Amino acid sequence: MSLIVHKYGGTSMGSTERIRNVAKRVAKWARAGHQMVVVPSAMSGETNRLLGLAKELAPERPDTAYYRELDMLAATGEQASSALLAIALQAEGLEAVSYAGWQVPIRTDSAYTKARIDSIDDARVRADLAAGKVVIVTGFQGVDEAGNITTLGRGGSDTSAVAVAAALKADECLIYTDVDGVYTTDPRIVPEARRLHSISFEEMLEMASLGSKVLQIRSVEFAGKYKVPLRVLSSFTPWDIPIEEEARSGTLITFEEDEDMEQAVVSGIAFNRDEAKISVLGVPDKPGIAAQILGAVADANIEVDMIIQNVGKEGRTDFSFTVHRNDYARTMDLLKEKVAPALGAQEVVGDAKICKVSIVGIGMRSHVGVASTMFRSLSEEGINIQMISTSEIKTSVVIDEKYMELAVRALHRAFGLDAE
Ligand code: ADP
Ligand code: ASP
Ligand code: MG
């Protein structure tokens, strides 16, 4: 008997028909003798619908009072889908019980809309499992020290599932979604993308942090920290396929580089349209410039990603960086009104229509010329590179958003990732 955590995403929970299908699949695992904990997302579109209602009443404001209510609101999506799944499981003849985050409790900090899990009390869930029940725990949410409901950021149900699996020392955490695994790139953008049988934890971490939304980054971090066996697989296979077959399907996230792993130099391509680029032009070229610009941005609680400072000319230099698109207007205002005048900079310009395209692979450690292959294939497509950043196992470029698909396809081909 194993303790297994299943997570079902929004599309997989998207209708009562699909919820029934999830219940049948979970029942199959429970009847095979496994202790089952299930973490569902809200039904597809529900989180967007709820957040849209809030924005109809008042445009988003970056203040705690507003964000607290967004979490209060958004968390209802998962509460509804969890109860529906419990009802569907009971209809299948199983004993099932659902819990909201605060009932477990899943304790988080108070960073509304992007809270981090601090701890999970496993007592209640364990007692139910021991009593032979299937336990459903809402994805995406938790409760802070003061008893306020919090959410974990978009896509956060992945993190709930992996964290619950870690807390319960589950034998496996299976992430059921609308694709049958992790692909070389988003199969919706590149139809030639191939499914990977396995991907190293480090590569998955990079892919997720660089924009592959198949797993939320924090879920991968949790899996790494607690060595949770993690697999991404399809919820759209027939529910009654044999468990052994199902358990081997999809993509396994591996923690050791094993011999059989596909030995590609580049394993995957990620992209991200959520960033915007800002440049402060004609800044006096003297020590402390980066600290002053980025210090002011950090004080406003705005996260910065890529950073470039150009070589100075005639005592002045240009300084560019990227922020999340949601923070773009706020950052521009801050720089124009406060930072640039204080520094004596000449101009602040920005571009929200950019995207970041990245190649990822542990093979990049031992191969030279990977980045230059990337730059060459982009130039052959006439795509201008605006910013570059590299680390041991990835190279990212910022380009005009309108070339995103072209760039991803060209790189997919250039690194031999297209399916035969
Ligand atoms: P869920 O609702 O199940 O959490 P998500 O929409 O969050 O599903 O994540 C699954 C989606 O991730 C897929 O439909 C696919 O379009 C997208 N995706 C992006 N990059 C990849 C990738 N490398 N491999 C597989 N899917 C990817
Ligand atoms: N329902 C949440 C979202 O749409 C969490 C999740 O689906 O993982 O972001
Ligand atoms: Mg998701």
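Predicted, not measured: the structure shown is a model, and the values here were computed from it. (Residues numbered from 1 in each chain as written. Chains lettered and ligands numbered in written order. Predicted model: local features only at pLDDT ≥ 70, side-chain atom pairs only at ≥ 80, totals over all residues. Heavy atoms only, no water.)

A few points about the site of ligand 2
And then number 1: All residues adjacent to ligand 2 are S41, A42, T47, E78, F140, R154, G155, G156 and S157.
And then number 2: The separation between an oxygen atom of ligand 2 and a polar side-chain atom of S41 is 3.2 Å.
And then number 3: One nitrogen or oxygen atom from the side chain of R154 is found 2.7 Å from an oxygen atom belonging to ligand 2.
And then number 4: In terms of residue class, the shell around ligand 2 is made up of two nonpolar, five polar and two charged. (Near = heavy atom within 4 Å. Polar contact = N/O pair within 3.5 Å; in protein donor to acceptor, adjacent residues only side chain to side chain. Nonpolar A, V, L, I, M, F, W, Y, C, P; charged D, E, K, R; others polar.)

Things to note about empty space enclosed by the protein
And then number 1: For the structure shown, the criterion picks out one cavity of 30 Å³ or more.
And then number 2: In this structure, the largest cavity encloses a volume near 40 Å³.
And then number 3: Lining the largest cavity are V104, I120, D122, V125, V137, V164, A167 and L168.
And then number 4: A class-by-class count of the residues in the lining of the largest cavity yields seven nonpolar, no polar and one charged. (1 Å grid on protein atoms, 1.4 Å probe; cavity = no way out; pocket = protein on both sides within 12 Å on 5 of 7 lines; lining within 4 Å. Points joined across faces, edges and corners; volume = space filled by probe spheres on them.)

Section: the UniProt feature "binding site: substrate" (unreviewed entry) in the chain
And then number 1: In the UniProt entry, the feature "binding site: substrate" (unreviewed entry) is given for T47 and E78. Separation in sequence by 32 residues is not matched in space for these annotated residues, since their most distant C-alpha atoms are only 8.7 Å apart.
And then number 2: The residue T47 is located in helix α2 (residues 46–57) in this model.
And then number 3: For E78, the position within the fold is in helix α3 (residues 64–91).
And then number 4: Judged by relative accessible area, E78 falls into the buried class, the value being 2%.
And then number 5: Once residues lying within four places of it in the same chain are set aside, the contact partners of E78 are P40, S41, A42, T138, G139, F140, Q141 and S157. (UniProt positions renumbered as here; feature names shortened; annotations may be inferred. Helix = DSSP H or I, 4+ residues; strand = E, 2+ residues; numbered from the N terminus. Buried < 20%, exposed > 50% of the residue type's maximum accessible area, 1.4 Å probe, protein only. Contact = heavy atoms within 4.5 Å.)

Let's talk about the site of ligand 1
And then number 1: Near ligand 1 there are 17 residues, and of these T177, D178, Y183, D186 and R188 occur at the shortest range.
And then number 2: G10 is positioned such that a nitrogen or oxygen atom in its backbone is 3.1 Å from an oxygen atom of ligand 1.
And then number 3: At 3.5 Å, a backbone N or O of K213 approaches an oxygen atom of ligand 1.
And then number 4: The protein chains hide 85% of the 570 Å² of surface that ligand 1 would expose on its own.
And then number 5: Residue composition of the shell around ligand 1, by class: six nonpolar, six polar and five charged. (Areas by Shrake-Rupley, 256 points an atom, 1.4 Å probe, with all protein chains shown as cover.)

Observations concerning the pattern of salt bridges
And then number 1: Summed over all chains, the structure comprises 22 salt bridges.
And then number 2: Of the charged contacts, one joins E172 and R231 as a salt bridge, the two residues approaching to 3.5 Å between their closest N and O atoms. Placement of the pair is E172 in strand β9 (residues 172–177) and R231 in strand β11 (residues 230–234), with a sequence separation of 59 residues. Accessibility classification places E172 together with R231 in one group, the buried group.
And then number 3: Among the ionic pairs, D400 bridges to K402, the shortest N-O distance being 3.4 Å.
And then number 4: Residue D400 is classed as partly exposed on the basis of its relative accessible area, which comes to 23%.
And then number 5: Three or more residues are tied together by salt bridges with common partners; here these are R25, K28 and E246. (Salt bridge = Lys/Arg side-chain N within 4 Å of Asp/Glu carboxyl O.)

Digging into the pairing of strand β14 (residues 275–284)
And then number 1: Across the 10 residues of β14, nine count as buried, placing the element largely inside the fold.
And then number 2: As paired elements, β14 and strand β17 (residues 347–351) share five bridges and run antiparallel to each other. Across the sheet, K277 pairs through a bridge with D351, a residue of β17. (Pairing = 2+ DSSP bridges.)

Describing the environment of I243
And then number 1: Summarising the element assignment, I243 is placed in helix α8 (residues 243–248).
And then number 2: By relative accessible area, I243 is classed as buried at 13%.
And then number 3: Spatially, the C-alpha atoms of I243 and S98 are 24 Å apart, while their sequence positions differ by 145 residues.
And then number 4: Beyond its immediate sequence surroundings of up to four residues, I243 is in contact with K28, W29 and A32.

Details of the side chain of T151
And then number 1: For T151, the position within the fold is in strand β8 (residues 149–151).
And then number 2: A distance of 2.7 Å separates polar atoms of two side chains, one belonging to T151 and the other to D71.

Thoughts on the environment of M43
And then number 1: Locating M43 in the fold gives a position in the loop between β2 (35–40) and α2.
And then number 2: Of the residues examined, M43 reaches a relative accessible area of 24% and is grouped as partly exposed.
And then number 3: C-alpha of M43 to C-alpha of G9: the two residues are 34 residues apart in sequence and 7.9 Å apart in space.
And then number 4: Excluding its chain neighbours within four sequence positions, the residues that come into contact with M43 are G10, M13, G14, S15, T16, I19, S81 and L84.

Concerning helix α6 (residues 201–209)
Along an α-helix, residues three or four positions apart point the same way, because every turn accommodates 3.6 residues.
And then number 1: If you check which residues of α6 are buried, you get F201, E203, M204, E206, M207 and A208.
And then number 2: Once α6 finishes, G211 follows within two positions and takes phi at roughly 125 degrees, a positive value.

Structural notes on the sheet that holds β17
And then number 1: With antiparallel pairing, the four strands of this open sheet are ordered in space as β15-β16-β14-β17. The sheet is open, and its two borders are formed by β15 (304–309) and β17, each paired with just one other strand. Strand-to-strand, the axes of this sheet are offset by a mean angle of 15 degrees, without reference to chain direction.
And then number 2: Packed on one face of the sheet, helix α9 (residues 289–299) meets β14, β15 and β16 (316–324) and runs near 25 degrees to β16.
And then number 3: Relative to β14, helix α10 (residues 328–343) is tilted by about 5 degrees, and along the sheet it contacts β14, β16 and β17. (Axes fitted to C-alpha atoms, helices over the stretch in contact; angles between N-to-C directions.)

Section: the packing of aromatic side chains
And then number 1: If you walk through the whole model with that rule in mind, you get five aromatic pairs.
And then number 2: Geometrically, the ring pair formed by F222 and Y226 is stacked, given 5.7 Å between the ring centres and 25 degrees between the ring planes. A residue pair is termed a helical-turn pair when its members lie 3 or 4 positions apart in one helix, as F222 and Y226 do in helix α7 (residues 217–226) at four residues.
And then number 3: A relative accessible area of 18% means that F222 is categorised as buried. (Phe/Tyr/Trp six-rings, centres within 6.5 Å; stacked < 30°, edge-to-face > 60°.)

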